[in-house]
Amino acid sequence: MKKVYVKPTLKKQLMGGMNKFGNNYYRPIKSEIDGVAVQKLLAEYGSPLFVFSEKTIRNQYRKLHQAFSTRYPNTQFSWSYKTNYLGAICSILHQEGETAEVVSGFEYEKAISLGVNPADIIFNGPYKTDEDLKRAFTDGATVNLDNFQEIYRAEKIASELGKQVNIGIRLNMETGIFPRWEKFGFNLDTTQAVEAVNRISRSPSLKLVGLHSHIGTFVLDPNSYAQQVESMVKFMFDIENRFNISIEYLDIGGGFPSKNKLKGTYLPSDIVTPDIDEYAEKICDTLMRLLPANKYPKLILETGRHIVDEAGFLLTTVFAQKQLSSGVKSYFVDAGINLLYTSTWYNMDIQPAVETKGTPEPVVIYGPLCMNIDVLAESIYMPPLPTGTPLVISPVGAYNVTQWMQFITYRPAIAMVFADGSYGLIRRREKLEDVTKPEIIPAHLALN
Ligand SMILES: *Cc1c(COP(=O)(O)O)cnc(C)c1O
């Protein structure tokens with residue numbers, strides 16, 4: 001008899017149970033951030049509270065800068081605004097010498113308002129309005145075009161401005177990353193990218209001077225970058241020859257991982273995450289091998305996550321506990337998933353800030369939202385956590401304070417521990433008028 005087809009199913013392994021690497025009981029306490037007591041910060045600014053370390057941001061940037069600038073003679077670093085566009089954080093990176101990488105009119109305006117020179121702005125992304133393009137061309141910002149429609153619009157706007165503008169194009173290609181990011185730019189593995197260059201070369205108002213690509217985020221294999229850079233350089237040689245142009249910059253985007261833990265990985269992040277020097281070596285070796293000695297186009301890096309993720313902490317406080325019907329203990333804390341957008345993909349670490357008595361056991365940690373999906377940890381080993389126990393969630397510095405949502409409660413304050421050991425607020429807690437100010441209540445709906 002023919003067997004009936006049964007579709008394969010994946011069974012979720014119960015986290016916290018034994019796996020081939022054993023159990024992780026050890027959860028050291030995290031009582032301070034750069035020497036400032038967690039409890040002091042909470043007492044001063046309330047709970048929950050985001051805290052950033054100025055020292056870590058500067059150190060991460062300096063290590064990155066050192067890794068690349070010692071291996072390649074012409075580098076530029078550009079801060080990815082969408083990773084974290086808090087004014088204080090962008091300012092630290094601009095002080096360190098980073099230019100600004102923006103992907104919208106809003107981010108462009110934010111960079112200008114922080115005092116960034118428009119010539120030091122790189123404008124990327126699939127959607128730039130006519131107004132965005134006009135302003136960027138007028139100001140002399142660097143613009144990387146994403147699609148054919150954008151080329152046509154850029155051409156029209158530049159000719160209306162009566163000038164020839166320098167532009168770059170974004171490329172996408174096979175680099176061994178799954179899933180491949182095909183959404184952005186022109187495809188290099190077909191003729192699409194050459195067609196884009198061909199089209200631009202026929203335009204009197206556009207001049208192609210740069211190649212850009214950004215292959216992914218949290219890219220764990222340095223070889224993917226070697227492939228990316230090799231494809232970009234070969235393409236550069238090809239089009240320089242065919243169209244008699246000169247490429248001034250190769251912008252290879254961002255994507256280096258932080259020491260966060262992607263869901264589904266067992267090993268500690270220290271083991272799975274390559275050092276930044278390994279990336280720099282692959283990238284710069286490839287460049288130095290392929291480029292002739294007299295030509296070093298500017299290598300631009302738009303590193304976001306790797307610089308800022310580990311500099312961010314979210315402090316929260318236990319306010320209740322409950323025993324589930326399975327007998328498992330659960331704790332309720334005052335920070336929800338609306339503040340931790342990236343908890344969808346990463347298992348952040350949660351550490352008590354104080355010593356508590358008792359044996360660790362697997363527990364559930366719930367956020368405060370009136371929603372069943374508000375779970376910060378499905379199964380994590382914790383000692384008993386009496387009400388009032390402060391906890392530290394990390395790393396949370398990348399993509400959370402840009403993608404966080406005002407939902408049910410106010411968004412919390414953000415503090416920073418400065419490089420000199422002092423500390424202060426860099427964003428106050430929201431209040432009612434922050435939420436209601438943009439609202440309009442039509443006259444006939446007003447309550448007297
Ligand atoms: C988001 C983004 C970056 C930064 O990516 P990270 O993974 O945070 O390093 C850089 N370049 C572009 C074009 C981006 O969209």
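Starting afresh in each chain, residues are numbered from 1 along the sequence in its written order. Thresholds applied to this predicted model are a pLDDT of at least 70 for local features of residues and 80 or more for the giving and counting of side-chain atom pairs; totals over whole chains, interfaces and linings are not thresholded and use all residues. Only heavy atoms go into the side-chain values, all of them from the structure, while hydrogens and water stay out.

K.L.:
I'd love a proper account of the site of the ligand, names of residues and values included.
P.N.:
Whether a residue is near a molecule or strand is decided by its heavy atoms; if any one of them lies within 4 Å of it, the residue is near. Close to the ligand lie 16 residues, the nearest being K82, T217, G255, E302 and Y399. Counted as a polar contact is a pair of N or O atoms within 3.5 Å, where, for protein atoms, one must be capable of donating a hydrogen and the other of accepting one, and residues adjacent in sequence contribute only when both atoms are in side chains. Contact distances for the ligand include 2.6 Å between an oxygen atom and a side-chain N or O atom of K82. Within the contact set of the ligand, a nitrogen atom lies 2.6 Å away from a side-chain nitrogen or oxygen of E302. Residue exposure ignores everything except the shown protein chains as possible cover, and the areas themselves are Shrake-Rupley values with a 1.4 Å probe. Alone, the ligand offers 390 Å² of accessible surface; in the complex the protein occludes 95% of this. Polar here means any residue outside two lists: the nonpolar Ala, Val, Leu, Ile, Met, Phe, Trp, Tyr, Cys and Pro, and the charged Asp, Glu, Lys and Arg; Gly therefore counts as polar. Here the shell around the ligand is built from residues that sort into 1 nonpolar, 10 polar and 5 charged.

K.L.:
Any details on the side chain of S224? Residues and values, ideally.
P.N.:
Assignment of secondary structure puts S224 in helix α8 (residues 222-243). Within the structure, S224 has its side chain in polar contact with the backbone oxygen of T175 (distance 3.2 Å). Counting from the N terminus, the helices are DSSP H or I runs at least four residues long and the strands are E runs at least two residues long.

K.L.:
I'd like a rundown of the domain arrangement of the chain, residues and numbers included.
P.N.:
Throughout the structure description, domain borders are defined by an automatic or database domain assignment. Each assigned domain of the chain is listed with its residue range as follows: domain 1 (32-51 + 311-430) and domain 2 (124-303). Any two residues whose heavy atoms approach within 4.5 Å at even a single point are treated as in contact. On the domain 2 side, the residues contacting the 7 residues of domain 1 number 6 residues. At the boundary of domain 1 with domain 2, total buried surface from both sides reaches about 690 Å², with 47% on carbon and sulfur atoms. Definition used for salt bridges: Asp or Glu carboxyl oxygen within 4 Å of a side-chain nitrogen of Lys or Arg. On the surface where domain 1 and domain 2 come into contact, there are 0 salt bridges. Taken together, the connections running from domain 1 to domain 2 amount to 4 residue pairs in polar contact (both at pLDDT 80 or more). Here the buried area means the combined drop in accessible surface, using a 1.4 Å probe, for two parts upon being joined, counting both sides.

K.L.:
Help me get a handle on helix α10 (residues 276-290), residues and values and all.
P.N.:
Helix length check: α10 (15 residues) gives 22 Å between terminal C-alpha atoms against 21 Å at 1.5 Å per residue, within 8%. Under the scheme applied here, a residue whose accessible area is under 20% of the maximum for its type counts as buried, over 50% as exposed, and between as partly exposed, the area being computed with a 1.4 Å probe on protein chains only. Listing the buried residues of α10 in full gives I276, Y279, A280, I283, C284, T286, L287 and L290. Buried residues in α10, looked at end-on, bunch into an arc of 155°, giving them a common side. A helix is expected to span 1.5 Å multiplied by its residue count minus one. The directions considered for the arc run from the helix axis to the C-beta atoms.

K.L.:
Outline a nonpolar patch on the surface, listing residues and values.
P.N.:
A cluster of nonpolar side chains, contributed by Y266, L267 and I271, occupies part of the molecular surface with about 280 Å² of accessible area. For Y266, the position within the fold is in the loop between β11 (249-251) and α9 (269-272). Residues enter patches when they are more than 30% accessible in relative terms and free of salt bridges; like-charged ones are connected within 9 Å and nonpolar ones (Val, Leu, Ile, Met, Phe, Trp, Tyr) within 5 Å.

K.L.:
Quick rundown of unusual backbone geometry? Include the residues and the values.
P.N.:
The omega torsion of the bond from S47 to P48 falls at 0°, within 30 degrees of zero and hence cis. Note that the residue after S394, namely P395, is joined by a cis bond; omega there is -10°. With respect to the helices and strands, the residue P395 is situated in the loop between β18 (390-394) and α12 (400-403). The backbone phi angle of N244 is positive, close to 50°, even though this residue is not glycine. Residue position: N244 is located in the loop between α8 and β11. In this structure N244 comes out as exposed when scored by relative accessible area, which is 70%. Unusually for a residue other than glycine, Y399 sits at a positive phi of about 70°. With respect to the helices and strands, Y399 occurs in the loop between β18 and α12.

K.L.:
Which residues make up the pattern of salt bridges, and what are the values?
P.N.:
With the rule as written, the count across this model stands at 23 salt bridges. For R199, the salt bridge is made with E155, and the minimal N-O distance between the two is 2.9 Å. Here the residue R199 occupies a position in helix α7 (residues 192-201), and E155 occupies one in helix α6 (residues 148-160), the gap between them amounting to 44 residues. Taking relative accessible area as the criterion, R199 reaches 26% and is therefore assigned partly exposed. The shortest N-O distance in the salt bridge between R411 and E430 comes to 2.7 Å.

K.L.:
I'd like a description of the pairing of strand β8 (residues 165-172), backed by residues and values.
P.N.:
Within β8, 7 of the 8 residues are buried, which leaves it mostly tucked inside the rest of the structure. With 2 bridges connecting them, strand β7 (residues 142-145) and β8 associate as parallel partners. Across the sheet, the residue bridging to N144 is G168, located in β8. Taking the sense of rotation as the criterion, the β-α-β connection linking β7, α6 and β8 turns out right-handed. Criterion used throughout: strands pair if DSSP finds at least two bridges between them. Where β8 lies against strand β10 (residues 206-212), 6 bridges are found, and the strand directions are parallel. In the strand pairing of β10, I169 is matched with L211. The sheet contact formed by β8 and strand β9 (residues 186-187) spans 2 bridges and is parallel. With the strands pointing away from the viewer, any crossover whose connection runs clockwise from the first strand over the helix to the second is right-handed.

K.L.:
If you had to explain the packing of aromatic side chains to someone new, which residues and values would you point to?
P.N.:
Stacked, tilted and edge-to-face are the three classes applied to pairs of Phe, Tyr and Trp rings, where Trp contributes its six-membered ring and a pair requires centres within 6.5 Å; stacked means planes under 30 degrees apart, edge-to-face means over 60, and tilted covers the rest. Inspection of the entire model under this criterion finds 16 aromatic pairs. With a centroid separation of 5.7 Å and 80° between ring planes, the pair formed by F50 and W404 is classed as edge-to-face. Of this pair, F50 sits in strand β3 (residues 49-53) while W404 is found in the loop between α12 and β19 (413-417), placing the two residues 354 residues apart along the sequence. In this pair, the class of F50 matches that of W404, namely buried. On the numbers, 5.9 Å between centres and 55° between planes, the contact of W181 with F184 is tilted. On the basis of relative accessible area, F184 is assigned to the buried category, the value being 18%. The rings of F68, Y225, F256 and Y279 are connected pair by pair, giving a single aromatic cluster.

K.L.:
For the environment of S47, give the residues involved together with the corresponding values.
P.N.:
Mapped onto the elements of the fold, S47 is located in the loop between α1 (38-45) and β3. For S47, a relative accessible area of 32% translates into the label partly exposed. The sequence separation of S47 and I247 amounts to 200 residues, and the corresponding C-alpha distance is 51 Å. Other than its neighbours up to four places away in sequence, S47 contacts L42, L315, T316, T317 and D334. A polar atom in the side chain of S47 sits 2.6 Å from the side chain of D334.

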